[in-house]
Amino acid sequence: MNASTFLNIQGLSRRFSARSGVGEVSLAVGRGQFVVLLGPSGCGKSTTLRLIAGLETPDAGSIEIDGRDVTALPPSDRSLSMVFQSYALFPHLDVAENIVFGLKVRGVARAERRRRLDEALAVTGLEGLEDRKPAKLSGGQRQRVALARAIVAGHPLCLMDEPLSNLDAQLRHSVRQDIRALQKRLGMTVIYVTHDQTEAMSMADVVVLMRDGRIEQVASPADIYERPATTFAAGFIGSPPMAMLPADLLGAADLPGAGAAADLVFGIRGEDISLRRPGEGRLAARVLGQEFLGAETFVNLEVAGAARLTARVPGRVDTGQGEHVSLDWPREATHWFERASGRRFALPSSPIDPPRGSPAVVRPAKGY
Amino acid sequence: MTHMVKQERRRAALYGWMLLSPALVLFTTFVFAPTVATLWQSLFSAGTRRRPPAFVGLDNYADLIADPVFWRVVGNNLLYTGIAVPASIALALGMALWANARIPARAFVRVAYFTPAMLPMIAAANLWLFFYTPGFGPLAALGLGSVNWLGQPETALWAVTVVAVWKEAGFFMVFYLAALQTIPPDLREAAQIEGAGRWTYTRRVVLPLLMPTTLFVLVNALINSVRLIDQLFILTKGGPDNASKLILYWMWELAFSYFDAPRAAAMTVLVLMVLCLVAVVQFTLIDRRAHYR
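Residues numbered from 1 in each chain as written. Chains lettered and ligands numbered in written order. Predicted model: local features only at pLDDT ≥ 70, side-chain atom pairs only at ≥ 80, totals over all residues. Heavy atoms only, no water.

**Student:** Please explain the sheet that holds strand β11 (residues 245-246) of chain A as it appears in this structure.
**Tutor:** Strand pairing in a sheet relies on backbone hydrogen bonds. The paired strands run either parallel or antiparallel. All names here are of chain A. In spatial order, the strands read β11-β12-β18; together these 3 strands make up an open sheet with antiparallel pairing. Single-partner strands in this sheet number two, and they are β11 and β18 (335-338). Across 4 bridges, the pairing between strand β12 (residues 264-267) and β18 is antiparallel. Considered in β18, the bridge of Phe266 is made with Trp336. (Pairing = 2+ DSSP bridges. Helix = DSSP H or I, 4+ residues; strand = E, 2+ residues; numbered from the N terminus.)

In structure tokens form, the structure reads like this:
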């Protein structure tokens with residue numbers, strides 16, 4: 001824990017049953033960071049958020065916000081705000097009343113309330129809608145009201161529980177940027193829960209990947225993409241997902257120096273794969289089909305042992321179904337994992353081995 | 001083309017009337033026709049075999065208003081309504097909030113609260129007759145044995161009111177309970193995070209959201225306070241000295257004890273008018289303040 005740690009979670013546990021809840025979660029979040037809790041549904045990310053909010057009581061562990069132990073404090077005393085997935089706007093109150101609800105409850109003077117309301121309305125672009133009831137707003141506007149309510153009190157910590165999941169895809173994209181800009185501008189620390197890796201990758205300073213109530217990996221979006229710590233992280237992040245292949249598919253030359261092939265699996269990002277004529281690459285494969293997406297093409301492939309993977313090739317490729325090809329990739333683009341534990345296998349420093357038959361490696365721009 | 005549109009429209013209209021007709025027939029036979037007949041009858045004198053009923057205009061109404069019992073009964077009913085309606089609504093709301101909270105044996109609590117509503121009023125009244133029996137019932141065991149609750153003019157109306165509140169509150173609670181369950185739990189959590197305590201949350205969020213239910217319950221409670229007087233037949237028969245007599249019971253007496261049908265009809269018309277007025281006022285005034293999702 002360093003000096004700039006703002007939120008510090010230690011050994012936090014809350015079990016609803018043997019399979020659900022969170023167990024032994026520890027996390028340190030710096031001041032002003034945008035942290036995304038990412039994971040499949042039921043992984044405990046929402047529970048973690050609710051524990052931080054104080055809406056759930058932990059079985060064990062502690063939560064510190066700004067150096068203050070808040071584990072036993074009620075939500076209102078934790079100086080945080082929250083944006084709910086449903087927005088949780090009060091349907092009988094108009095926009096202005098919804099936003100200043102908390103200020104009113106806390107007895108902030110009328111003039112001050114007015115000033116902060118105007119500020120929040122301006123920041124979220126809701127001017128002119130003060131008198132509308134939530135039922136008379138569009139989804140995006142409701143979302144902004146929820147956001148305005150969260151920032152109006154000026155709490156340094158803001159929790160967001162899948163705030164974009166009720167918006168359509170186009171709006172989601174612009175709101176993502178708005179939220180990020182707002183967070184930077186106000187210097188808020190944000191804990192953001194989502195199951196959408198696009199949101200996580202595009203917004204986060206730090207991604208916390210969760211699975212089965214535990215933290216799988218904590219890293220920057222780039223790190224988690226380039227150096228996934230586990231097979232789960234590798235498979236969850238990135239589209240198409242990274243497929244795990246048994247190491248014995250590769251020739252001995254391609255194996256990492258130490259470790260038996262039987263104990264290892266490996267994966268390659270789709271965009272690192274290039275298709276070559278049979279025999280020219282590292283791995284023989286058969287084309288199952290392809291999806292043309294405009295800027296790129298997903299080529300679905302089958303390798304020996306009925307394992308499948310998808311290559312992500314720029315532009316258009318002309319491969320026929322059933323065609324035999326050979327896959328090639330830069331050697332350092334191979335992600336090695338231990339078969340039993342799923343953990344990343346640390347490569348012993350090895351001599352540089354330029355990929356066969358390909359020019360200097362230029363990694364294509366990453367898409368998620 | 002226009003011809004076909006017209007025909008199509010006519011067909012839709014026909015379907016509309018067909019769907020409406022069962023209700024229309026039933027209402028006409030059992031509500032509208034009797035109402036008009038009552039209104040008609042209230043304008044004639046009581047006929048005998050020798051003297052056929054004669055048109056007397058508003059004489060029956062003038063007679064009613066001149067009768068001191070009329071004023072006594074109206075006063076009784078106003079007091080009865082004024083106490084029973086707010087009391088049963090408040091009690092219903094309290095019970096619903098309690099039965100909606102996370103408490104042990106919640107289902108049992110709900111059933112217990114609802115039991116009075118399931119009993120026929122006659123049965124409930126008999127039960128309370130036992131409670132009220134001087135020197136014998138449970139009230140006597142509480143040391144109030146010497147009070148003849150039903151037998152003295154000072155307490156008779158109150159005793160009857162208590163039975164009505166006890167009977168009605170459980171029924172209204174069910175509506176509140178249903179309404180409470182439609183309030184998303186997110187709202188409570190949002191309010192909690194914004195710093196609202198339980199009381200603030202109830203006052204600023206729950207009660208406004210229950211407003212439509214309150215309106216519905218209020219209309220029903222007001223109507224019931226005129227309509228539901230079965231307990232009088234068991235408990236007091238309106239006595240002593242008309243102290244607990246309510247409008248409907250008096251109407252029944254006029255018609256079937258004194259066989260004064262025209263005055264009973266006149267009284268019925270007056271009550272109908274007042275009830276209609278109350279309903280109109282409620283739906284226009286409170287509707288504006290109630291939030292419907």
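Structure shown, so let's carry the discussion forward.
**Student:** Just to check I follow, could you spell out the domain arrangement of chain B for this structure?
**Tutor:** By a widely used convention, the size of an interface equals the accessible area lost when the partners come together. Residues and elements named next belong to chain B. Domain boundaries in chain B define domain 1 (1-41) and domain 2 (59-289). Distance from the C-alpha centre of domain 1 to the C-alpha centre of domain 2: 35 Å. The partner domain 2 presents 8 residues to the 4 residues of domain 1 that form the contact. Contact between domain 1 and domain 2 buries roughly 390 Å² in total, counting both sides, with carbon and sulfur atoms accounting for 74%. Looking only at domain 1, the three residues that lose the most surface to domain 2 are Thr38, Leu39 and Gln41, adding up to 87% of its buried area. In this structure, the connection of domain 1 to domain 2 is made through 0 salt bridges. (Domains from an automatic or database assignment. Contact = heavy atoms within 4.5 Å. Buried area = accessible area lost by both parts, 1.4 Å probe. Salt bridge = Lys/Arg side-chain N within 4 Å of Asp/Glu carboxyl O.)

**Student:** Which parts of the structure should I look at to understand the nonpolar core?
**Tutor:** If you look at soluble globular proteins, the nonpolar side chains tend to sit buried side by side. Residue and element names in this part refer to chain A. By size, the foremost hydrophobic cluster in this structure holds 62 residues, and its most contacted members are Leu7, Ile65, Met82, Phe90, Leu157, Leu159 and Ile191. Each residue touching Ile65, except ones within four places of it in the same chain, is listed here: Phe6, Leu7, Val70, Arg78, Leu80 and Leu157. Ala120, Leu121, Leu147 and Tyr192 belong to the second largest nonpolar core, which has 48 residues in total. (Core = buried A, V, L, I, M, F, W, Y, C linked by side-chain atoms within 4.5 Å. Buried < 20%, exposed > 50% of the residue type's maximum accessible area, 1.4 Å probe, protein only.)

**Student:** What should I look at first to understand the sheet that holds strand β2 (residues 21-30) of chain A in this one?
**Tutor:** Residue and element names in this part refer to chain A. Pairing within the open sheet is antiparallel, and its 4 strands lie in the order β2-β1-β4-β5. Every other strand in the sheet has two partners, leaving β2 and β5 (68-69) as the edge strands with one partner each. Bridge analysis of strand β1 (residues 5-15) against β2 gives 7 bridges, and the strand direction is antiparallel. What sits directly across from Ile9, in β2, is Leu27. Across the sheet, helix α1 (residues 45-53) touches β1, β2 and β4 (60-65), and the angle it forms with β1 is around 115°. (Axes fitted to C-alpha atoms, helices over the stretch in contact; angles between N-to-C directions.)

**Student:** Would you mind going over the pairing of β4(A) with me for this structure?
**Tutor:** Consecutive residues of a regular strand have side chains that alternate between opposite faces of the sheet. All names here are of chain A. As paired elements, β1 and β4 share 5 bridges and run antiparallel to each other. From the neighbouring strand, Ser13 faces β4, where its bridge partner is Ala60. Across 2 bridges, β4 lies against β5 in antiparallel orientation. Of the residues in β5, the one forming a bridge with Ile65 is Arg68. Taken together, β4 and the strand that follows it, β5, pair antiparallel across an intervening segment of 2 residues, in which Asp66 is found at a positive phi of about 55°.

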